[in-house]
Amino acid sequence: MPGLFFVYAGSGPMPPWQTPTLECLLRAPIPSTVAAMSRYYLTTPIYYVNDKPHIGHCFTTCFADVVARFQRLFGREVFFLTGTDEHADKVVSTAAEHGMSPMQWADTNARAFEQAFAALNISNDDFIRTTQPRHTTKVLEYIAALQKRGDIYLGDYTGWWDPSQEEYLTETTAKDAGYKSPVTGKDLVKRTERNYFFKLSAYHDRLVEHLARNPEFILPESRRNEVLGRLRERLVDIPISRGITDDPSSQWGIRMPEDATHRIYVWIDALFNYLSVIDTDEKQDFWPPSAHLLAKDILWFHAVIWPCLLMALGRPLPGTVYAHGYFVRDGRKMSKSLGNFIDLAVINQYCAKYSADAFRWFLATQGPIGNNDADFSHTKFIEVYNADLANGIGNAISRVGNMCDKYFNGTVPDAKGVSSLPGLADFDWPSIISRHVASAIGKADALDITGALQEGVLLVKKVDAYINVTEPFKLAKKIAPGSDESPERDRLAAILYHCAEALRVATLLHSPAIPTAAAKVQTAWHCLPAAGATLAQQTLWNGAHSLVPGAPLTKGDILFMRAEPGPLNPDEHTPGAA
Ligand code: MSP
């Protein structure tokens, strides 16, 4: 695990302490709330190219995509970045195993990530590859700036080296493993290397203070507490370079400025991607990021090392580092050795059979958002698909579309200004809608996309309940054929208008997770969202974007066919089938 390289376990010189100066404290970023920002910059981790995409990568990227789409819906200017991390040593050995150069291997796998994300309808605005010159030149500038400030120095790193895995282990891990490799059982070796160090220790106090002042800096809260717990021990300086030897893998990476015998450690190179992409005349206003999304495995890099690098560079810090849990299978970690990954082949089967929207919906509503890990199970997938999509929004849209088609010739009925029916106080539509919309906005801003999407689901349930109480299909039978004017017809028109308008809003609230299905409804109902309008404007009752009586409202195709329980692929064992 490359991360371990960072943990100072050795006996090299302790770095000089540097108390934060007043100037440093004054430069501490001013806490900003998402609500106050009109620009929203959002990132995923950049993924290693020595591997193919799997559900874990797709999950974080899909999570980010839903956040990005919510923010666009709220009227913010969004920049959503994902990409690949290409300078890991393993790229060299894996490329050789495939008879390719490291660059060819990186090209192949970066393309696989791009294709996987395109198939999942991911709306990223850019895709950074750390081998691109736009990134490598900026990394050199940042390292040179840190050197100039005196935040980088040459020193000795001593640690427990696992020759079989080519990595350093922490003192604790080494001790717990009896100073043997936890993977191969071979002896660990105490080793000293000459390295460039970053003065992480100098930023300890400022970081702790930043965390104290900005509770939303690390989310969820439990992860913030974990980091705060670890920060009770003072930070030590970290090596940020690795020596170049005769080993071909040591040639791969960005050389240290003015020292061709060292290359920049892959994690430092990788973290800078968030800045290098945006550090241009056209895009710099997007800085700082509103949110970095990632999983718990790489929280320390993002919540500790990254902000300290930024402080050293004098850049404002990101709003939130959000570390979600893991997708697991039957309670066990997914890994190559267990062969239990939900890989791209399986993901493609889900998308082909149930649609990319359906797969996205499952990830966004059942994924490991928050503290806990989440289990992937086919049975659960079918359950959620039927409940929320086929029998939820899909069925409601089809029922109301059919009734408008049948009773109002495929047009929007005219409620004549009535927004709630007498005796039905529970169905005051303007306030129901504004409540769900406000709640969805609050939740999406807090990165609780599951909660935000649930507001749309609740709105659909309310429409179903309204149909059950008002029984429009029975009412329609009481209307004499050809009669245009009658109290029953007015009531029917009001009921169906309420349903259609509430479903227009519910569709908007579902749209970040199911963009294709939402666009189908919006096309059939002639209510494609207007660019530039906020969600509050778009969902105002009797507002400028409401359905217009008399406008066409066509039935449209069935959005989500009901799924039968049973395996994903009847001919094969279905991964995840419970
Ligand atoms: N390259 C580094 C990140 C550098 S970011 C400056 C890296 N890459 S990775 O390919 O290993 O991706 C790790 C990330 O993939 C996790 O943080 C998470 O976002 C996602 N996931 C990988 N496996 C996962 C699960 N099983 N479940 C959920 N997401 C996980 O680390």
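Our subject is the structure listed above.
Residues numbered from 1 in each chain as written. Predicted model: local features only at pLDDT ≥ 70, side-chain atom pairs only at ≥ 80, totals over all residues. Heavy atoms only, no water.

Draft legend 1. A look at the packing of helix H13 (residues 356–366) against helix H16 (residues 449–470). Where H13 contacts H16, the two axes come as close as 8 Å, and the packing angle between them is 115 degrees. Of the residues in H16, those in contact with Trp361, Ala364 and Thr365 of H13 are Ile449, Thr450, Leu453 and Val457. (Axes fitted to C-alpha atoms, helices over the stretch in contact; angles between N-to-C directions. Helix = DSSP H or I, 4+ residues; strand = E, 2+ residues; numbered from the N terminus. Contact = heavy atoms within 4.5 Å.)

Draft legend 2. Examining helix H4 (residues 102–119) more closely. Between its terminal C-alpha atoms H4 stretches 26 Å, which fits the 26 Å expected from 18 residues at 1.5 Å a residue. All of the buried residues along H4 are Trp105, Ala106, Asn109, Ala110, Ala112, Phe113, Ala116 and Phe117. Along the long axis of H4, the arc covered by the buried residues comes to 150 degrees, so they all point the same way. Pointing more than 90 degrees away from the buried face of H4 are the exposed residues Gln115 and Ala118. Where H4 is buried, its residues contact strand S1 (39–48), helix H2 (55–73), strand S2 (77–85), helix H3 (89–97), strand S3 (126–129) and helix H12 (344–354). (Expected span 1.5 Å × (residues − 1). Buried < 20%, exposed > 50% of the residue type's maximum accessible area, 1.4 Å probe, protein only. Arc of directions from axis to C-beta.)

Draft legend 3. Structural detail: the packing of aromatic side chains. Applying the stated criterion across every chain, the model contains 37 aromatic pairs. Geometrically, the ring pair formed by Tyr497 and Trp541 is edge-to-face, given 6.0 Å between the ring centres and 85 degrees between the ring planes. In this pair, Tyr497 sits in helix H18 (residues 487–510) while Trp541 sits in the segment after helix H20 (535–538), placing the two residues 44 residues apart along the sequence. Among the aromatic side chains, those forming a connected cluster through ring pairs are Phe59, Phe63, Tyr322, Phe327, Tyr350, Tyr354, Phe359, Phe362, Phe376, Phe381, Tyr385 and Phe560. (Phe/Tyr/Trp six-rings, centres within 6.5 Å; stacked < 30°, edge-to-face > 60°.)

Draft legend 4. Quick peek at unusual backbone geometry. Cis rather than trans, the peptide bond between Leu219 and Pro220 has omega equal to -10 degrees. In this fold, Pro220 is placed in the loop between strand S7 (218–219) and helix H8 (221–230). The linkage connecting Trp287 with the following residue, Pro288, adopts the cis geometry, with an omega of 0 degrees. Along the chain, the position of Pro288 falls in the loop between helix H10 (273–276) and strand S12 (291–295). Within the chain, Ser355 stands out as a residue other than glycine whose phi angle is a positive 100 degrees. Within the secondary structure layout, Ser355 lies in the loop between H12 and H13. In this structure Ser355 comes out as partly exposed when scored by relative accessible area, which is 24%.

Draft legend 5. Seen up close, the site of the ligand. As a structural note, the neighbourhood of the ligand is formed by 22 residues, with Ile46, Thr60, Asp85, Asp297 and Phe327 the closest of them. Contacts to the ligand include Asp85, whose side-chain N or O atom sits 2.7 Å from a nitrogen atom. For the ligand, whose accessible area on its own is 670 Å², the fraction buried by protein is 93%. If you list the elements that add at least two residues to the shell around the ligand, you get S1, H2, helix H9 (266–271) and H10. At four residues, S1 tops the list of elements feeding residues into the shell around the ligand. (Near = heavy atom within 4 Å. Polar contact = N/O pair within 3.5 Å; in protein donor to acceptor, adjacent residues only side chain to side chain. Areas by Shrake-Rupley, 256 points an atom, 1.4 Å probe, with all protein chains shown as cover.)

Draft legend 6. Expanded view of the sheet that holds strand S5 (residues 167–169). Across the sheet, four strands lie side by side as S5-S4-S6-S8; this open sheet has antiparallel pairing. Because the sheet does not close on itself, it has two edges, and the strands there are S5 and strand S8 (238–239). Here strand S4 (residues 152–162) pairs with S5 via three bridges, running antiparallel. Note on S5: the bridge partner recorded for Trp161 is Tyr168. (Pairing = 2+ DSSP bridges.)

Draft legend 7. The side chain of Arg76, seen in detail. Tracing the backbone through its elements, the reader meets Arg76 in the loop between H2 and S2. The exposure class assigned to Arg76 is buried, which follows from its relative accessible area of 13%. Separated by 2.3 Å, the side chains of Arg76 and Gln71 make a polar contact.

Draft legend 8. The arrangement of the nonpolar core in detail. Residues Phe359 and Trp525 are the most contacted members of the largest nonpolar core, which totals 111 residues. Residues in contact with Phe359, not counting those within four places in the same chain, are Ile55, Leu120, Ile347, Tyr350, Cys351, Phe376 and Phe381. (Core = buried A, V, L, I, M, F, W, Y, C linked by side-chain atoms within 4.5 Å.)

Draft legend 9. Broad picture of the pattern of salt bridges. All chains considered together, the criterion is met by 26 salt bridges. Between Glu86 and Arg129 there is a salt bridge, and its shortest N-O distance comes to 2.7 Å. With Glu86 in the loop between S2 and H3 and Arg129 in strand S3, this pair connects stretches of sequence that are 43 residues apart. By the burial criterion, Glu86 is buried, and Arg129 matches it. As a salt-bridge pair, Asp279 and Arg315 come within 3.3 Å of each other at their nearest N and O atoms. Placement of Asp279 in the loop between H10 and S12 and of Arg315 in the loop between helix H11 (299–313) and strand S13 (320–324) is noted, with a sequence separation of 36 residues between them. (Salt bridge = Lys/Arg side-chain N within 4 Å of Asp/Glu carboxyl O.)

Draft legend 10. Broad picture of the sheet that holds strand S11 (residues 259–264). Spatial strand order, S9-S11-S10: three strands in an open sheet with antiparallel pairing. For this open sheet the edge positions go to strand S9 (241–243) and strand S10 (255–256), each flanked by a neighbour on one side alone. One ladder, built from two bridges, connects S10 with S11; its direction is antiparallel. Each bridged residue has a counterpart across the sheet, and for Arg255 the counterpart in S11 is Arg263.

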